Amino acid sequence: KQEVTQIPAALSVPEGENLVLNCSFTDSAIYNLQWFRQDPGKGLTSLLLIQSSQREQTSGRLNASLDKSSGRSTLYIAASQPGDSATYLCAVKETSYDKVIFGPGTSLSVIP
Amino acid sequence: NAGVMQNPRHLVRRRGQEARLRCSPMKGHSHVYWYRQLPEEGLKFMVYLQKENIIDESGMPKERFSAEFPKEGPSILRIQQVVRGDSAAYFCASSPGPGQGSRTEAFFGQGTRLTVV
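Residues numbered from 1 in each chain as written. Chains lettered and ligands numbered in written order. Predicted model: local features only at pLDDT ≥ 70, side-chain atom pairs only at ≥ 80, totals over all residues. Heavy atoms only, no water.

Caption draft 1: Just the overall build of chain A, in detail. What chain A contains, in helices and strands, is zero helices and 11 strands. Across chain A, helices and strands are ordered from the amino to the carboxyl terminus as β-β-β-β-β-β-β-β-β-β-β. The globule rule puts the C-alpha radius of gyration for 112 residues at 13 Å, and the 13 Å found for chain A is close to it. Seen along its three principal axes, the alpha-carbon backbone of chain A occupies a region of about 45 × 30 × 20 Å. (Helix = DSSP H or I, 4+ residues; strand = E, 2+ residues; numbered from the N terminus. Rg over C-alpha atoms; globule rule 2.2 N^0.38 Å.)

Caption draft 2: Main features of the sheet that holds strand β6 (residues 56–59) of chain A. All names here are of chain A. Ordered by their spatial adjacency, five strands build an open sheet running β1-β3-β8-β7-β6, and the pairing between neighbours is antiparallel. The open sheet has two edge strands, β1 (4–7) and β6, and neither has a second partner. Each neighbouring strand pair of the sheet contributes to a mean axis angle of 15°, computed without reference to strand direction. (Pairing = 2+ DSSP bridges. Axes fitted to C-alpha atoms, helices over the stretch in contact; angles between N-to-C directions.)

Caption draft 3: Spotlight on the sheet that holds strand β8 (residues 75–79) of chain B. Residue and element names in this part refer to chain B. Here we have four strands laid out as an open sheet, ordered β1-β3-β8-β7, and antiparallel in their pairing. Each having just a single partner strand, β1 (5–7) and β7 (65–68) make up the two edges of the open sheet. Shown here is a sheet whose adjacent strand axes are inclined to one another by a mean of 15°, direction ignored.

Caption draft 4: Fine view of the packing of aromatic side chains. Tallied over the full model, the rule gives seven aromatic pairs over all chains. Counting every residue linked through ring pairs, the aromatic cluster contains A:Phe36, A:Phe102, B:Tyr35, B:Phe45 and B:Phe108. A cation sits over an aromatic face here: A:Lys99 above B:Phe45, 4.4 Å from the ring centre. (Phe/Tyr/Trp six-rings, centres within 6.5 Å; stacked < 30°, edge-to-face > 60°. Lys NZ or Arg CZ within 6 Å of the ring centre and 35° of its normal.)

Structure follows, in structure tokens:
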């Protein structure tokens with residue numbers, strides 16, 4: 001059974017810092033891994049999608065890496081801003097039934 | 001393409017009433033997934049359906065919850081005799097189905113926030 005974990009559960013950093021969010025998954029039989037952002041009381045915003053054959057994806061200040069064999073992904077946020085404050089969710093799409101399994105999320109707070 | 005549409009966005013029910021949540025998948029998608037997000041928790045898989053068929057309901061509570069995806073119309077998640085513990089955000093996702101676009105990103109609706117009073 002696929003299990004996705006995220007470390008840390010919560011993170012508070014001063015504005016301008018670079019930071020790394022970690023995601024681990026137990027079953028490497030995945031099509032892809034996706035990072036989402038969720039603001040309080042809101043829906044999901046897709047940030048980055050990494051296919052199982054890829055090693056990393058970049059979008060602006062965000063860079064996500066994937067090491068499928070070790071079951072790990074990281075989301076790197078450069079020069080953090082208060083507007084980056086949100087919960088970041090990691091999710092893997094299994095090859096069985098295309099089911100997406102989520103991690104519990106990392107709650108990020110960027111202090112001005 | 002309007003994306004995955006969920007309604008209502010907010011739903012308030014008294015204990016014991018029924019809640020019906022609707023999800024219209026993206027155009028061309030024939031598979032729907034339902035997820036529940038309890039307060040301060042991550043999204044938990046509930047059920048996976050294709051039209052007129054339940055594929056995987058391993059995450060569905062055994063009682064009071066049911067889901068359908070008829071040949072015509074939206075997918076419905078139905079909660080009977082709601083209790084306070086059912087208060088959560090319910091998200092729906094759609095896909096073209098295994099083998100077709102399996103490598104595409106997951107497309108989610110904006111969710112329905114159910115409050116049981």
